Amino acid sequence: MSSTLQSGVRFPASPTPEQAVALSRWIGSQRFIYNGKVNEDKLHAAQRRMALKQPSESSVDTINVPIDSSYTQFRTAELSPWLAEIPSQVLRQGVGRYRAAKQRQLVGLACMPRSRNRSNFTSVVLDKDMFAFHPKVDAVTGTVTQELHLGGKGKFSIGVLKFKAHRPFGIPNMLVIRRTGRGWFVSFSYAHDSPVLLRESHELAYELDGLDDAALSAAVLGFDRNIKHNAFAGSDGRFYMLEEKVLARIERKRVATKRYQQRYARCKKGSKNQSKARLRVAISRQYETNALRDFAHQTSHHIVSDPGILAIALEALKLANMVRKPKTKFDETTGKWLKNGARAKAGLNRKLLSRALGTTVSFIQYKAVRANKLVVTVSPYNSSNECSECGHTHPENRHQQRFLCQRCCFSAHADTNAGLVVKKRAIAQIRSTVLQAPRKRPKRVSIRRKVLAGAAPLPNVEGVDNPGLSVESV
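**Brief notes about the overall build of the chain**
Part 1: Across its full length, the chain carries ten helices and 19 strands.
Part 2: By principal-axis analysis of the C-alpha atoms, the chain measures approximately 85 × 80 × 75 Å.
Part 3: Pairs at least 24 residues apart make up 66% of the contacts formed inside the chain by residues separated by at least 6 positions.
Part 4: Carbon and sulfur atoms provide 54% of the accessible area of the chain, an area that totals close to 29,800 Å².
Part 5: The distance from the centre of the 78 positive side-chain charges to the centre of the 37 negative ones in the chain is 10 Å.

This is the structure we're talking about:
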């Protein structure tokens, strides 16, 4: 028996000039529909505010506006005649993207959807009606490759899109074609069977709880995260950090980005030189993104692929709170703004974001699930000042990168000791009932009252039978 996994791939694509023009129009069409739905939602929000301030019978219907999937109101000959040349499947996905963004807002995962422009809406989503993969056999080598046909079989077909597949993949239900400063890319996810039966986190914790103390200590690996010397410091003495030459290149790229931004600001709006400067800015910024993702992938693979490790312990850092801007300070007596350390905090935030601390943890979590390994998050409180041997906590225990306990004289690297403390706390969680199976919530049965035909409704008074009412469970 096997489990089903969902894997994602991203392949570089090489569209022809005609295909690039068609894909760009599809991207613009989805952006137009998306922005139309955003503006429509803003109008409904304004109407709801006015209806709540001045309630009336005519304004009651405008309070609750459903999130519908209509887009024909934007596809008119007066407003957008060019949308007639765009497939309806492409326009429909523009509404789908808006609905997904709105649902994220309603569940508290994001803010209200906002209007997008050409620089931050650079992709088109296609469903199975707009693409198809056809196998192609090489006559010389006999290898089978997949050809991607876009546009379907009708008048909107734009031919075969060439892409370079660096790994095998399955047939998806949807795909995304994105235009970046580095070129075009095709990305999608597909379902496939796992070679092993995947288990839940509470099942893995139950298996680890059955080990003795020595075996459990050898199976758990704790990591301390910091930005000064080692991004990830393991309890076994391992250190993971970006190479010095990569950090130097990132700093040089930042300086170059600032120079290209100044050149872009001096260019004439809409000119070819401005397009070239914009491309240079995008290419310069892309290096840091690629370097951090490469570090996150390599680090997470090296950690998860260790066969002797069955559980990985990490600190539950709130990175979003750590990179938050400081609040402004205003002196009412003098009428001037006071210093709040924003410049120093900006430098700290830049260091936090340039170590891929959150991305690496996300990669560790999804790779550990596929490897049937447990990921435990523990509190980071005083992990740097606590002794992993005796538990004594004091600020004087740590001296720069050296840890020396003032009670038991235990000495080790400061980051390694913090990793040992994280590991110790994770073992305590495994031994406790924190990681047990979640309890199933009891099924709630709603009760409604139904008035029988021909019976006059009577008030439901406690202790008095009402022959005109019956209780029906649903």
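**Focus: unusual backbone geometry**
Part 1: For alanine 356, which is not glycine, the phi torsion reads 55° and is therefore positive.
Part 2: Turning to its location among the elements, alanine 356 is positioned in the loop between α8 (342-353) and α9 (357-370).
Part 3: A relative accessible area of 5% places alanine 356 in the buried class.

**Considerations on the pattern of salt bridges**
Part 1: According to the stated counting rule, one finds 17 salt bridges in the structure shown.
Part 2: Put simply, glutamate 207 and arginine 199 hold a salt bridge, and the shortest N to O gap is 3.1 Å.
Part 3: Glutamate 207 gets classed as partly exposed once you look at its relative accessible area, which sits at 42%.
Part 4: On the basis of relative accessibility, which here comes to 32%, the residue arginine 199 falls in the partly exposed class.
Part 5: Each of Lys37, Glu40 and Asp68 takes part in a single network of salt bridges with overlapping partners.

**Some points on a positive patch on the surface**
Part 1: Where like charges cluster on the molecular surface, the positive patch consists of Arg182, Arg249, Arg252, Lys253, Arg259, Arg263, Arg266 and Arg280.
Part 2: Per-element tally for the positive patch: the top contributor is helix α5 (residues 244-266), with six residues.
Part 3: Looking at the secondary structure, you find lysine 253 in helix α5.

**Here we look at the pairing of strand β6 (residues 174-180)**
Two faces make up the sheet, and in a regular strand the side chains alternate between them.
Part 1: Note that strand β2 (residues 123-127) and β6 share five bridges and pair antiparallel. Looking at β6, one finds that leucine 126 is bridged to leucine 175.
Part 2: Two successive antiparallel strands, β6 and strand β7 (residues 183-193), enclose a turn made up of two residues.

**Notes on the pairing of strand β14 (residues 374-378)**
Part 1: Only one face of β14 is buried, namely the one carrying Leu374, Val376 and Val378, since none of Val375 and Thr377 on the opposite face is buried.
Part 2: Inspection of the sheet shows strand β11 (residues 311-315) paired to β14 by five bridges, in the parallel sense. Looking at the pairing, isoleucine 312 lines up with valine 375 of β14.

**Details of the sheet that holds β14**
Two pairing modes exist for strands in a sheet, parallel and antiparallel, and in both the strands are linked by backbone hydrogen bonds.
Part 1: What the five strands build is an open sheet, ordered β10-β9-β8-β11-β14; its pairing is mixed. Looking at the sheet topology across the chains shown, the edges are occupied by β10 (239-240) and β14.

**What about the sheet that holds strand β15 (residues 398-399)?**
Part 1: Spatial strand order, β15-β16-β17: three strands in an open sheet with antiparallel pairing. In this open sheet, the two strands that pair with only one neighbour each are β15 and β17 (411-413).
Part 2: In the sheet, β15 pairs with strand β16 (residues 402-404) via two bridges, with the strands oriented antiparallel. Residue pairing across strands places arginine 398 opposite phenylalanine 403, the latter belonging to β16.
Part 3: The strands touched by helix α10 (residues 414-431) within the sheet are β15, β16 and β17, with β17 carrying the most contacts at an inclination of about 100°.

**Thoughts on the packing of helix α6 (residues 272-304) against α9**
Part 1: In the contact formed by α6 and α9, the axes pass within 8 Å of each other and the chain directions differ by 40°. As far as their axial angle goes, α9 and α6 are oblique. The interaxial crossing formed by α6 with α9 has right-handed handedness. Here Arg293, Phe295, Ala296, His297, Thr299, Ser300, His301, Ile303 and Val304 of α6 come into contact with α9, specifically with Thr359, Thr360, Phe363, Ile364, Tyr366, Lys367 and Ala368.
Part 2: Residue composition of the contact of α6 with α9, by class: eight nonpolar, six polar and two charged.

Here is what the cut-offs are and how they apply
- Residues numbered from 1 in each chain as written.
- Predicted model: local features only at pLDDT ≥ 70, side-chain atom pairs only at ≥ 80, totals over all residues.
- Heavy atoms only, no water.
- Helix = DSSP H or I, 4+ residues; strand = E, 2+ residues; numbered from the N terminus.
- Contact = heavy atoms within 4.5 Å.
- Areas by Shrake-Rupley, 256 points an atom, 1.4 Å probe, with all protein chains shown as cover.
- Lys, Arg positive; Asp, Glu negative; His and termini not counted.
- Charge placed at Lys NZ, Arg CZ, Asp CG, Glu CD.
- Buried < 20%, exposed > 50% of the residue type's maximum accessible area, 1.4 Å probe, protein only.
- Salt bridge = Lys/Arg side-chain N within 4 Å of Asp/Glu carboxyl O.
- Patch = residues over 30% accessible without salt bridge, like charges linked within 9 Å, V, L, I, M, F, W, Y side chains within 5 Å.
- Pairing = 2+ DSSP bridges.
- Axes fitted to C-alpha atoms, helices over the stretch in contact; angles between N-to-C directions.
- Parallel < 35°, antiparallel > 145°, perpendicular 65-115°, else oblique.
- Left-handed = near helix turned anticlockwise from the far one by under 90°.
- Nonpolar A, V, L, I, M, F, W, Y, C, P; charged D, E, K, R; others polar.

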